[in-house]
Amino acid sequence: MVKTLRFSLFGLLMLLCGSINAAVENVDFTTLEITKTDDGFTLESGNYAFTAVKNNGQTAPTQNGSSKDIRLYAKNTITVNSTNAMQKMVFTISKQGLKRQAEITPSVGTMTYDMDNSQVTWTADAPVAVVDFTVGDKAVYGSEGAGKAGQFDFNSVEITNDEGGAVVEAPAFSVPGGIYTTPQTVTLTAAAGCTIHYTIDGTTPTAESTVYTEPLNISENTTVKAVAADAKGTLSGVATETYTFPVVCADIAAVKQQETGTLVALTLTDAQVVYYNSYENNGNTNSDIFVRDASGAIDIYNIKIEAKAGSMLNGTLVCTYSPYNGMPELVSNEGTDAATVAVTEGSEPVAKKVTVADLNGETYMCDLVEISNVKLSEEVSGKYTNYYATDEDGVNKMMLYDKFKLGIEFPTADNTKTYTITGILGSAKLSGTEVKELFPTKAVEETVSGISSIEAENAQEAVYNLNGQRLAKPQKGLNIIGGKKVIVK
């Protein structure tokens, strides 16, 4: 009888100790209000903080306005932070959630699904202070059938945590993640007595992952994820830093060989600003800096380099190659620093003299060019009138567009007149098709004299055609005689 009583008391003591160390708390989201962010929301309740983000999904996470349940959509992630190490979470699925329940991927631990009882349960391998839950693309469970867009909708969550155990702090990184142009040596540190485990392949580290023993030498795009484990095996939250290294490009031509979206470090060597355009759009000041180096030209878009037409640029610019409607452009990213580019005074930019046919290729994209002896024409397309510059033979033409809003007019009534047009070669997308366009900066009507015969008058003058070839005598059509344009009829 006494022995039985002793065992009973021991059992009761163990039960009490278990209840002291493990606490269960319920967070009822239907009684709370989220705080919306640009790509999701945040919410705090007691010892817990919830952060939901859209990631690459089509729909941002939210809280339904009437039922007040939390609604997460395909690719969304919700992060749960606790002041205590968490062992288990039981999500109560809402009425909407029972229609399209996706599989959920936790950063640590495992998930189980009991749709008959409207529950999705997460269990930790070891208590953690932080855990991420990412929603799958497609529904796997639910009344609307598999294959629908995935969701994770819940009214509440019941969290079991280890109040008796200390929260293990995540490892610290000596070098923050970011964009670097030189290799980095990264040291990881954690509290005394903790072991650090890490991965560099994008997976979430566990107690089985590689043990950190020495600094990491990083020289290529790498995401490092690390956790700390104390002597009891309790894991910290996951600490993550991403190190990005741009593609080094020696000149503009090298940039143009990259894929759209490539992070580049462009070396500008005596590159000249051939045209600078600044304009207002929805209250914001935007800019296009058209820059030419020895290899080609490109548009530096909305990067605040203090330059003007003629300025010379030298230095290394970290940015992203992002062609717009076929026009080569560089845009800023988190590693862009305009101060890395030295700007000095230069001479007036000289336009490259080309033919209309030349403009239909890629060689002169974003460059300042000049076409001569062209006629102007127009074509009506729906409610728009398009203007064109056509060469002397009428074979090649180039669309003209007053992109820089300079008020340049394109008179087309007299098709005997010819013009010299200077501008930037760009492109646009019309009816889904990319087309080349010349953005004029100047258009001048040409003045020529017409005579029936000029052999006697100009016997001593050198005669050239429009391609710069010297002629024995003037030919029918337009000639360059004594530096002047002369038409022989």
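Procedures and definitions
- Residues numbered from 1 in each chain as written.
- Predicted model: local features only at pLDDT ≥ 70, side-chain atom pairs only at ≥ 80, totals over all residues.
- Heavy atoms only, no water.
- Helix = DSSP H or I, 4+ residues; strand = E, 2+ residues; numbered from the N terminus.
- Buried < 20%, exposed > 50% of the residue type's maximum accessible area, 1.4 Å probe, protein only.
- Contact = heavy atoms within 4.5 Å.
- Areas by Shrake-Rupley, 256 points an atom, 1.4 Å probe, with all protein chains shown as cover.
- Phe/Tyr/Trp six-rings, centres within 6.5 Å; stacked < 30°, edge-to-face > 60°.
- Lys NZ or Arg CZ within 6 Å of the ring centre and 35° of its normal.
- Pairing = 2+ DSSP bridges.
- Core = buried A, V, L, I, M, F, W, Y, C linked by side-chain atoms within 4.5 Å.
- pLDDT = per-residue confidence, 0-100.
- Disulfide = S-S within 2.5 Å.
- Salt bridge = Lys/Arg side-chain N within 4 Å of Asp/Glu carboxyl O.

Asker: Outline the overall build of the protein, listing residues and values.
Answerer: Helix and strand counts for the protein stand at two helices and 38 strands. For the protein, with 489 residues in total, the buried portion stands at 42%. Pairs at least 24 residues apart make up 60% of the contacts formed inside the protein by residues separated by at least 6 positions. Split by element, the accessible area of the protein, about 25600 Å² in all, is 48% carbon and sulfur.

Asker: Explain the packing of aromatic side chains to me, using residue names and the numbers behind them.
Answerer: Applying the stated rule across the entire model yields 15 aromatic pairs. Summarising the aromatic geometry, the rings of F91 and F152 are spaced 5.1 Å apart at their centres and angled 65 degrees between planes, so their arrangement reads as edge-to-face. Placement of F91 in strand β7 (residues 77-93) and of F152 in strand β11 (residues 151-162) is noted, with a sequence separation of 61 residues between them. One residue, K397, lies across the ring of Y388, its end atom 4.4 Å from the ring centre. Across from the ring centre of F439, 5.5 Å away, lies the NZ or CZ of K403, which sits over that ring.

Asker: Run through the sheet that holds strand β19 (residues 222-229), naming residues and quoting values.
Answerer: Across a sheet, paired strands are connected by hydrogen bonds in the backbone, their directions being either parallel or antiparallel. A sheet is described by the order of its strands in space; here five strands give the open sequence β13-β20-β19-β16-β17, paired in mixed fashion. Where the open sheet ends on each side, the last strands, each with one partner, are β13 (178-179) and β17 (210-211).

Asker: Break down the nonpolar core for me, with residues and values.
Answerer: In this structure, F50, M89, W122 and F133 are the most contacted members of the largest nonpolar core, which totals 36 residues. Contributing elements (two or more residues each) for this core: β3 (40-45), β4 (48-53), β6 (70-73), β7, β8 (101-106), β10 (119-141), β11 and β19. Residue contributions to this core peak at eight residues, all from β10. Residues contacting M89, with those up to four places away along its chain left out, are V80, V120, T121, W122, V131, F133, V157, E158 and I159. Listed in part, the 28 residues of the second largest apolar core include V274, Y275, I424 and F439.

Asker: How would you summarise unusual backbone geometry if you had to cite specific residues and measurements?
Answerer: With the exception of glycine, most residues fall at negative phi, and the peptide bonds are largely trans. Residue N325 is not a glycine yet carries a positive backbone phi of 50 degrees. Its location among the elements puts N325 in the loop between β25 (312-321) and β26 (329-331). Phi angles above zero are rare outside glycine, and N373 is one such case at about 55 degrees.

Asker: Can you break down the confidence of the model for the protein residue by residue, with the values?
Answerer: Averaged over every residue, the pLDDT of the protein is 88; the share at 70 or more is 89%. Contacts for the low-pLDDT stretch residues 1-20, under 50 throughout, to residues beyond four places or in other chains number one contact. Confidence over residues 450-460 falls short of pLDDT 50; this stretch has 14 contacts with residues more than four positions distant or in other chains.

Asker: Provide a residue-level description of the state of the cysteines, including the pertinent values.
Answerer: For the structure on display, the rule yields zero disulfides. The structure places no disulfide on C319, whose sulfur is separated from the nearest cysteine sulfur, that of C249, by 8.7 Å. Taking relative accessible area as the criterion, C319 reaches 0% and is therefore assigned buried.

Asker: Help me get a handle on the environment of I421, residues and values and all.
Answerer: Along the chain, I421 turns up in strand β32 (residues 419-430). In sequence terms I421 and P440 are 19 residues apart; their C-alpha atoms lie 6.6 Å from each other. The contacts of I421, once residues within four sequence positions are left out, are V369, E370, I371, V374, L376, A389, L400, L438, P440, K442 and A443.

Asker: Provide a residue-level description of the pairing of β6, including the pertinent values.
Answerer: Burial along β6 is two-sided: I70 and L72 and R71 and Y73, pointing in opposite directions, are all buried. Strand direction decides the pairing type here: β6 and β11, joined by four bridges, are antiparallel. Bridge pairing in β11 places R71 opposite D153.

Asker: Kindly report on the pattern of salt bridges, identifying the contributing residues and their values.
Answerer: When their charged atoms lie close together, side chains carrying opposite charge are able to pair. Taken as a whole and assessed by the stated rule, the structure comprises eleven salt bridges. Across the pair R100 and E144 runs a salt bridge whose closest N-O atoms are separated by 2.6 Å. Residue R100 is found in the loop between β7 and β8, and its partner E144 is found in the loop between β10 and β11; the two are separated by 44 residues along the sequence. With a closest N to O distance of 4.0 Å, K353 and E370 form a salt bridge. Note that K353 is positioned in strand β28 (residues 352-353) and E370 in strand β29 (residues 368-381), a separation of 17 residues in sequence. Shared partners join several salt bridges into a network, and the residues in it are R292, K352 and D367.

Asker: Outline the pairing of strand β22 (residues 263-281), supporting the account with residue identities and numerical values.
Answerer: Sheet topology note: the strand β21 (residues 247-249)/β22 ladder contains three bridges and is parallel. Bridging from a neighbouring strand, C249 pairs with L266 of β22. Here eight bridges tie β22 to β25, and the two strands are oriented antiparallel to one another. Bridging across to β25, A265 finds its partner in V318. Where β22 and strand β23 (residues 284-293) come together, nine bridges link them in antiparallel fashion. Opposite Y275, over in β23, you have F290 as the bridge partner. In this antiparallel pair of consecutive strands, β22 and β23, the connection spans two residues, and N282 shows a positive phi of 55 degrees.

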